[in-house]
Amino acid sequence: MKKKFLLGTTAAVVLAAGTFGAVSANATAPAAAPAAAVAKADAQGDNTRQTTHLTIEAATKAAQATLKAAEKENQRVSVAVVDRNGNTLVTLRGDGAGPQSYESAVKKAYTAVSWNAPTSELVKRLTNAPTLKDIPGTLFLAGGAPVTADGAPIAGIGVAGAPSGDLDEKFAQAGVASLNG
């Protein structure tokens, strides 16, 4: 019997606290702000920028052209196309391409778009700045090419798996060229 009384008392205290909280919340709630004082959520003017992005159709076209260029020379490669932010748009792993080639292609594409330069050129920068290679997600080996619009990078194409980075980059450049024609 004593337990029932305690439970009943506890329930009454909780109910009273809940009611007090509800009354307190209602009593202190601010009045609605006048419509004129509400700030617009739309950013305008110098607060926004329009950017150019490679479409998925164009990324697919470039990846396929890259893979075809490699196949013409009997090379087994993987191809990756990333957007301006380094997000993967398309990857193709050619028949017989090595298991490491997939990830390497993505990293080369990311590196090319990040610095808006072919990765073969970026390799040369390691002499003066060897810690560049420590940046996560990058790979400073030839085989990556940026895709630009009005001089600004909008995508990167990376290729990996050929016996040399020069070949990888040649194939990546074929993908870039396919977008210009």
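Described in the following lines is the structure provided in the data block. (Residues numbered from 1 in each chain as written. Predicted model: local features only at pLDDT ≥ 70, side-chain atom pairs only at ≥ 80, totals over all residues. Heavy atoms only, no water.)

Notes on helix α2 (residues 56–72)
- Along its 17 residues, α2 runs 24 Å from first to last C-alpha, staying within 8% of the 24 Å computed at 1.5 Å per residue.
- Buried within α2 we find Ala-58, Ala-59, Ala-62, Ala-63, Thr-66, Leu-67, Ala-69 and Ala-70. The buried residues of α2 occupy an angular sector of 170 degrees when the element is viewed end-on, so they sit on one face. Structural note: α2 exposes Glu-57, Lys-68 and Lys-72 on the side pointing more than 90 degrees away from its buried face.
- Its buried side turned inward, α2 meets β1 (78–83), β2 (88–93), β4 (152–160) and α5 (165–179).
- At the exit of α2 stands Asn-74, carrying a positive phi of roughly 55 degrees. (Helix = DSSP H or I, 4+ residues; strand = E, 2+ residues; numbered from the N terminus. Expected span 1.5 Å × (residues − 1). Buried < 20%, exposed > 50% of the residue type's maximum accessible area, 1.4 Å probe, protein only. Arc of directions from axis to C-beta. Contact = heavy atoms within 4.5 Å.)

Side note on the side chain of Thr-119
- Inspection of the secondary structure puts Thr-119 in helix α4 (residues 119–125).
- Exposure remark for Thr-119: the relative accessible area of 0% places this residue in the buried category.
- Polar side-chain contacts of Thr-119 include one of 2.7 Å to the backbone nitrogen of Gly-144.
- Ignoring sequence-local partners within four residues, the contact set of Thr-119 consists of Lys-108, Thr-111, Ala-112, Leu-139, Leu-141, Ala-142, Gly-143, Gly-144 and Glu-169. (Polar contact = N/O pair within 3.5 Å; in protein donor to acceptor, adjacent residues only side chain to side chain.)

A few points about the pattern of salt bridges
- Overall, the coordinates contain 5 salt bridges when judged by the stated rule.
- Between Lys-170 and Glu-73 there is a salt bridge, with its nearest N and O atoms 2.6 Å apart. Here Lys-170 is found in helix α5, whereas its partner Glu-73 is found in the loop between α2 and β1, with 97 residues between them in sequence.
- The exposure class assigned to Lys-170 is partly exposed, which follows from its relative accessible area of 45%.
- Residue classification places Glu-73 among the partly exposed residues on the basis of a relative accessible area of 31%.
- Here Asp-168 makes a salt bridge to Lys-108, at a shortest N to O gap of 3.0 Å. With a gap of 60 residues between them, Asp-168 in helix α5 and Lys-108 in helix α3 (residues 101–115) connect regions that are remote in the sequence.
- A residue is classified by how much of its surface remains accessible, and Asp-168, at 3% relative accessible area, is buried. (Salt bridge = Lys/Arg side-chain N within 4 Å of Asp/Glu carboxyl O.)

Things to note about the nonpolar core
- If you look at the biggest cluster of nonpolar residues, it comprises 22 residues, and the most contacted ones within it are Leu-54, Val-77, Val-79, Val-81, Ile-157 and Phe-171.
- Mapped by element, the contributors of at least two residues to this core are α2, β1, β3 (144–149), β4 and α5.
- Counting residues per element, this core draws most heavily on α2, which supplies 7 residues.
- Once residues within four sequence positions are removed from consideration, Val-77 is found in contact with Leu-67, Ala-70, Leu-92, Arg-93, Gly-94, Ala-97, Val-159, Ala-160, Gly-161, Ala-162, Asp-168 and Phe-171.
- In terms of nonpolar packing, the next biggest core, distinct from the first, is built from 7 residues, Val-82, Val-106, Val-113 and Ala-160 among them. (Core = buried A, V, L, I, M, F, W, Y, C linked by side-chain atoms within 4.5 Å.)

Overview of unusual backbone geometry
- Despite not being glycine, Asn-74 has its phi angle at roughly 55 degrees, a positive value.
- Take Asn-74: its relative accessible area is 68%, and that puts it in the exposed class.
- A positive phi angle, near 50 degrees, is found at Asn-116, a position not held by glycine.
- Tracing the sequence through the fold places Asn-116 in the loop between α3 and α4.

Considerations on the packing of α2 against α5
- Following both chains from N to C, one finds α2 and α5 inclined at 135 degrees, their axes separated by 7 Å at the closest point. In this view, α2 runs oblique relative to α5, as classed from their interaxial angle. Like other packed secondary-structure pairs, α2 and α5 cross with a definite hand, here right-handed. On α5, the residues that touch Ala-58, Lys-61, Ala-62, Ala-65, Thr-66, Ala-69 and Ala-70 of α2 are Phe-171, Ala-172, Ala-174, Gly-175, Ser-178 and Leu-179. (Axes fitted to C-alpha atoms, helices over the stretch in contact; angles between N-to-C directions. Parallel < 35°, antiparallel > 145°, perpendicular 65-115°, else oblique. Left-handed = near helix turned anticlockwise from the far one by under 90°.)

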